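Notes for the structure review
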Amino acid sequence: MKIVKLIIYALGGLLVVGVAFFLFSFAYTSIETMSAQSTQARLEELQGREKTLGTTFKEWTEIDLTYTAFRENYLVKVETFNRLKQDLQMLSRKNGLGNARFSFKYKSMLSGILKLSVTVELVGSYENIKRFLFDIENFRIDNNIKIILLKKIDLKKMKAGPMIEGVLTMEAYLAG
Amino acid sequence: MRKIRYNIAENKRIDYLKFGLVSAFVLVISFVFIMLGIGNLWSSDKRAQDQEAALKKAEREIEKLTSETDHLKTDVTTKKSLWRQRVSFANSLIKEKKFSVIEQLDILEKHLPEGVFFTDFSMNIETSSNIQVGIAADSLHRLTEAYEAFSGFRKTVKNELEEEGLFKASLILNLNPGKAEEPKVAPKPGKRKKADDDEELRNVLK
């Protein structure tokens, strides 16, 4: 009888151990799956962050390229400074303002950009001065429009005669 | 003669066949559970090995991505202020370039009545949208006509005088009469959206 009881206890124990082991294996697997999922989620989040940053970086790089194109197209190159001086003097002569006196001042601005202030003292008819201003507003080098900004205009009719004397201040930007 | 059997034992007699069968069943069930558990752990172990390999790869990738992200962040942060400065500079030039002195002169000329002419003209485009013009008329009537003609420019009249038979005056005209005079302030970096910042610049290059 004792042996039978022992067998019953042993079998009961074995059954309990079997069931417990089975349940444990399930719990263990689930925990592992959850851990893998959390790592995957972290990886995806990081990939998302990198993608966003990559896009931002690309956008800013495109802006930088646009700026470079703007600089190339619309600003006067430092090496063409002499050409700019000659062209301005040529424009004054072309518009009958051959006596115009030019003075130039520089100031460095952003990296690689020089602000060039040009002061022009001139005497001439209103029509000629207006034509000169028009040419300045549409200033080109090799058919490419270059930005020259008129900053200050002071014109005064001379006491004698119809001539006007004046001082123009303008700015050009030289890109290195 | 028939034998009468009595069981006078303390416990019921065990049916060994039945007991054996139930025991075997329990044994098999336990065995099945254990085998299922082992199978589960086995496959999980295999999966775990695969996952571990994938995890290691993922961790390496995470490390790489983290360093790349940090690098990009630093790069963007350092370059952003420079880029903003450049875009703001380009936009300010484009904005100023859109202003045409010739157009303003044309407008003023159109408003000038017959018998009236400009004697001087002073304009500081950088600091103000006001322009000071001196006018001279051959009669007082013409001068008042000129005042009337420039009334849309929120004019201020000063220094009215008659000199050498001409009626002269100095007028301060506002080129943007619709708008109140606003002080020119440099745009604060970071206040505008990046997309807005470069829109103007891109439009010019199109």
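Computed from a predicted model, the values in this text were never measured in an experiment. (Residues numbered from 1 in each chain as written. Chains lettered and ligands numbered in written order. Predicted model: local features only at pLDDT ≥ 70, side-chain atom pairs only at ≥ 80, totals over all residues.)

**Topic: the pairing of strand E4 (residues 166-174) of chain B**
Residue and element names in this part refer to chain B. Alternating positions in E4 separate cleanly, Phe167, Ala169, Leu171 and Leu173 being buried on one face and Leu166, Lys168, Ser170, Ile172 and Asn174 remaining unburied on the opposite face. Both strand E2 (residues 130-137) and E4 contribute to a ladder of eight bridges, which runs antiparallel. Within the sheet, the bridge partner assigned to alanine 137 lies in E4 and is phenylalanine 167. Where strand E3 (residues 156-163) and E4 come together, six bridges link them in antiparallel fashion. Residue pairing across strands places glutamate 163 opposite leucine 166, the latter belonging to E4. Between E3 and E4, which pair antiparallel one after the other, the connecting turn spans two residues, and glutamate 164 there sits at a positive phi close to 50°. (Buried ≥ 20, exposed ≤ 12 C-beta atoms within 10 Å, placed from the backbone. Helix = DSSP H or I, 4+ residues; strand = E, 2+ residues; numbered from the N terminus. Pairing = 2+ DSSP bridges.)

**Observations concerning the nonpolar core**
Membership of the largest hydrophobic core comes to 40 residues, with the highest contact counts inside it found for A:Leu150, A:Ile153, A:Met170, A:Ala172, B:Val133, B:Ile135 and B:Ala137. Looking at which element gives the most residues to this core, the answer is strand E7 (residues 164-175) of chain A, with six residues. Once residues within four sequence positions are removed from consideration, B:Ile135 is found in contact with B:Val116, B:Phe118, B:Thr119, B:Ala146, B:Ala169 and B:Leu171. Within the second largest apolar cluster, six residues are counted, among which are A:Trp60, A:Ile63, A:Tyr67 and B:Val87. (Core = buried A, V, L, I, M, F, W, Y, C linked by C-beta atoms within 7 Å. Contact = placed C-beta atoms within 7 Å.)

**Focus on the interface of chain A and chain B**
Contacts between the two partners involve 53 residues from chain A and, on the opposite side, 58 residues from chain B. Those elements giving two or more residues to the side of chain A that touches chain B turn out to be helix H1 (2-74), helix H3 (126-137) and strand E6 (148-157) of chain A. The element best represented in the side of chain A that touches chain B is H1(A), accounting for 36 residues. Looking at side-chain class alone, the side of chain A that touches chain B contains 31 nonpolar, nine polar and 13 charged residues. Direction of pairing for E6(A) relative to strand E1 (residues 116-124) of chain B: antiparallel, over a ladder of five bridges. Bridged to A:Lys152 within E1(B) is B:Asn124. (Nonpolar A, V, L, I, M, F, W, Y, C, P; charged D, E, K, R; others polar.)

**Notes on the packing of H1(A) against helix H1 (residues 16-98) of chain B**
With their axes 5 Å apart at the nearest point, H1(A) and H1(B) run at an angle of 15° to one another. On the basis of their axis angle, the class for H1(A) and H1(B) is roughly parallel. Relative to H1(B), the crossing made by H1(A) is left-handed. A per-class count over the contact of H1(A) with H1(B) returns 38 nonpolar, 15 polar and 12 charged. (Axes fitted to C-alpha atoms, helices over the stretch in contact; angles between N-to-C directions. Parallel < 35°, antiparallel > 145°, perpendicular 65-115°, else oblique. Left-handed = near helix turned anticlockwise from the far one by under 90°.)

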